[in-house]
Amino acid sequence: MKTSILSLDDTNYEVLCDEYRGTEIKSLNDILDKLAEFESKYPNHVALTTLDDLGQAEYTSMHAIMSHDLDDIEGHDLSTVDSSAFEDGEHIGYLSTKSEFFIQKSNFIAKAKSVTFSNVCRESLTLDNKELSVIEKIHANPLDYIDREVVIKIVPVEYPASAICAFPNGYFACDLSPFDNYALAKHLEKNYGYKLFGIGASLVGFQRKEPLNATQALQLSKDIAKLYNRDNDIAVVNSFSKLTQEFSYLFLKYVEYLEY
């Protein structure tokens, strides 16, 4: 996997943290190894990769930032913000420099703090049997679904779940919101040791050092069944129990419908 640092000229959006373009990806491990390398290079940062449909994911992330006012400067101390963010002594009205990342992070965490996994399970997200089959195929061959060109964001946060604030996704009404995805990521990390590593237009990805044991897999699968409003559904429980005992990574959909 090859990586190159991105500048504002390379993107359709303002760059608020260091970002790299990843190409020539040969396997999911290519991506995971590069994320670990970046986290070693950048202490006290989390490396977050995009997953599927980069253009759509960037588009919906931009709208999520705007619709949730994550770029609102009201109430923030701007004394440490780079001078390029001001014109004639006034802030230009949108976030445009790495020195302003703390604003988006602070706004995100404030809006997300009251959302729990129980809340997320009440969001009416579904997973039909065809989509379940798609999820199984994605686990078997991740690069059939993940883009062959990704963007890796080096996010100045302490916890993996918090990295979502750099790429908040979940814009449409029938999707999980960015704050739902944050609560989901926290739940999976706290209870099962899964670390958030990526988010795309439809998928959110997690990894742990090794697959779950049978007891852990069963409990996680029941949680996933609740997430998709198929409580104790045998098909869902058996499928995710098998997947999480076979693979050390986990892909979940957070959108209304998942296509392959």
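Here the structure is a predicted model, which means the values were calculated and not measured.

Cut-off values and rules
- Residues numbered from 1 in each chain as written.
- Predicted model: local features only at pLDDT ≥ 70, side-chain atom pairs only at ≥ 80, totals over all residues.
- Heavy atoms only, no water.
- Buried < 20%, exposed > 50% of the residue type's maximum accessible area, 1.4 Å probe, protein only.
- Helix = DSSP H or I, 4+ residues; strand = E, 2+ residues; numbered from the N terminus.
- Pairing = 2+ DSSP bridges.
- Polar contact = N/O pair within 3.5 Å; in protein donor to acceptor, adjacent residues only side chain to side chain.
- Contact = heavy atoms within 4.5 Å.
- Expected span 1.5 Å × (residues − 1).
- Phe/Tyr/Trp six-rings, centres within 6.5 Å; stacked < 30°, edge-to-face > 60°.
- Lys NZ or Arg CZ within 6 Å of the ring centre and 35° of its normal.
- Core = buried A, V, L, I, M, F, W, Y, C linked by side-chain atoms within 4.5 Å.

Draft legend 1. Looking closely at the pairing of strand S3 (residues 46-50). In terms of burial, S3 is a largely internal element, 5 of the 5 residues being buried. Both faces of S3 are covered, namely the face carrying Val46, Leu48 and Thr50 and the face carrying Ala47 and Thr49. Bridge count between S3 and strand S7 (residues 195-199): 2 bridges; the pairing is parallel. The residue bridging Thr50 from the neighbouring strand is Ile199, located in S7.

Draft legend 2. Looking closely at the side chain of Asn169. Along the chain, Asn169 falls in the loop between strand S6 (150-155) and helix H6 (178-192). Overall, the relative accessible area of 0% leaves Asn169 in the buried class. Among the polar contacts made by the side chain of Asn169, one reaches the side chain of Thr60 at a distance of 2.5 Å. Here Asn169 is in contact with Ala57, Thr60, Ser61, Leu176, Ser177, Pro178, Asn181, Ile199, Gly200 and Tyr254, once residues within four sequence places are set aside.

Draft legend 3. Representation of H6. With 15 residues, H6 extends 21 Å between its outermost C-alpha atoms, agreeing within 8% with the 21 Å of an ideal straight helix rising 1.5 Å per residue. All buried positions along H6 are accounted for by Pro178, Phe179, Asp180, Asn181, Tyr182, Ala183, Leu184, Ala185, His187, Leu188 and Tyr192. At the exit of H6 stands Gly193, carrying a positive phi of roughly 75 degrees.

Draft legend 4. Highlighting the packing of aromatic side chains. Enumeration according to the criterion identifies 9 aromatic pairs in this entry. A centroid spacing of 5.6 Å and a plane angle of 90 degrees characterise the contact between Phe108 and Tyr182, whose relative ring orientation is edge-to-face. Of this pair, Phe108 sits in helix H3 (residues 101-112) while Tyr182 sits in helix H6, placing them 74 residues apart in sequence. By the burial criterion, Phe108 is buried, and Tyr182 matches it. A ring pair is formed by Tyr171 and Phe172, whose centres lie 5.2 Å apart and whose planes are at 65 degrees; its orientation type is edge-to-face. Residue Tyr171 is classed as partly exposed on the basis of its relative accessible area, which comes to 35%. Its relative accessible area of 43% is what places Phe172 among the partly exposed residues. One aromatic cluster is present, built from ring pairs that chain together Phe197, Phe247, Tyr249 and Phe251. Between Lys34 and the ring centre of Phe38, over which it is positioned, the NZ or CZ distance is 5.9 Å. One Lys or Arg, Arg208, reaches over the ring of Tyr194 and ends 5.8 Å from the middle of that ring.

Draft legend 5. Local environment of the nonpolar core. In terms of nonpolar packing, the biggest core is built from 82 residues, with Leu184, Leu188, Phe206, Phe240, Leu250, Phe251 and Leu252 touching the most fellow members. Per element, the largest residue contribution to this core is 7 residues, and it comes from H6. If we skip the residues at most four places from it in the chain, Phe251 touches Leu28, Leu51, Ile135, Ile138, His139, Pro142, Ile146, Phe197, Leu203, Val204, Gly205 and Phe240.

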